[in-house]
Amino acid sequence: QARGLLGGTAVVYSELDVLTDELIAQRRREREAAVAGGHDDVAGLIADGYHQMIGYGAPAFAAALGRLVALGGTPSLVHCSAGKDRTGFVVAMLLHALGVPEPLIREDYLASRRWPGSVTHRASLESRLGTFIAAHDLPDAIDTVLDVRDVYLDAALGADRRAALSAMRAATIRDGEVLVADH
């Protein structure tokens, strides 16, 4: 059922929990503990999170890709709370499944750097991250969190793209059919 500005339209919502609230809270505690313990590579922590997202979000990613490539699945709007991490990753996996060349996938993924929510999220991040990141390190840490980087996508895909796709049960397309690989 369409909501908000799209109410009264034929829009179909498909809500998928890539990460549960409990898992998000657990990952947040782990990152906070790492930073409090002296870990100062914020980009590395984010890259680790992308790598973890493959396993944790595999069923949701496979379902999202399956819905997008199913008959009547487009046009579609894919988004998450910030519109850059999970969204960028789902779209990158869809493009990969469609056989789009990797340079174009990266270009599309990195276009999320221009996402309009970064200004709003900056204030929220300052209050949250400021509780465990030193004030002089906070601006750089926030810039790192708000950014999308090749290293994040590389961490999610891993060195072996086929293994990464298999691990997340990615939807693939063959002769117009959606196939979801099971382990």
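Residues numbered from 1 in each chain as written. Predicted model: local features only at pLDDT ≥ 70, side-chain atom pairs only at ≥ 80, totals over all residues. Heavy atoms only, no water.

Right, let's get into the packing of helix 2 (residues 42–69) against helix 6 (residues 138–146). Between helix 2 and helix 6, whose axes approach to 9 Å, the crossing angle comes to 25°. Overall, the two elements helix 2 and helix 6 adopt an arrangement that is roughly parallel. In the packing of helix 2 onto helix 6, the handedness of the crossing is right-handed. Along the contact surface, helix 2 presents Val-42, Ala-43 and Ile-46, while helix 6 presents Ala-141, Thr-144 and Val-145. (Axes fitted to C-alpha atoms, helices over the stretch in contact; angles between N-to-C directions. Helix = DSSP H or I, 4+ residues; strand = E, 2+ residues; numbered from the N terminus. Parallel < 35°, antiparallel > 145°, perpendicular 65-115°, else oblique. Left-handed = near helix turned anticlockwise from the far one by under 90°. Contact = heavy atoms within 4.5 Å.)

Attention now moves to a negative patch on the surface. Residues Asp-40, Asp-41, Asp-48, Asp-137 and Asp-140 make up a contiguous surface patch of negative charge. Relative to the helices and strands, Asp-41 resides in the loop between helix 1 (21–36) and helix 2. Under the relative-accessibility criterion, Asp-41 is labelled partly exposed at 41%. (Patch = residues over 30% accessible without salt bridge, like charges linked within 9 Å, V, L, I, M, F, W, Y side chains within 5 Å. Areas by Shrake-Rupley, 256 points an atom, 1.4 Å probe, with all protein chains shown as cover. Salt bridge = Lys/Arg side-chain N within 4 Å of Asp/Glu carboxyl O. Lys, Arg positive; Asp, Glu negative; His and termini not counted. Charge placed at Lys NZ, Arg CZ, Asp CG, Glu CD. Buried < 20%, exposed > 50% of the residue type's maximum accessible area, 1.4 Å probe, protein only.)

For the rest of this paragraph, the subject is the packing of helix 5 (residues 118–129) against helix 6. Running from N to C, helix 5 and helix 6 cross one another at 130°; their axes reach a closest spacing of 10 Å. In terms of axis orientation, helix 5 runs oblique to helix 6. The handedness of the crossing between helix 5 and helix 6 is right-handed. In this structure, helix 5 contributes Ser-118, His-121, Arg-122, Leu-125, Glu-126 and Leu-129 to the contact, and helix 6 contributes Leu-138, Pro-139, Ile-142, Asp-143, Val-145 and Leu-146. In terms of residue class, the contact of helix 5 with helix 6 is made up of seven nonpolar, two polar and three charged. (Nonpolar A, V, L, I, M, F, W, Y, C, P; charged D, E, K, R; others polar.)

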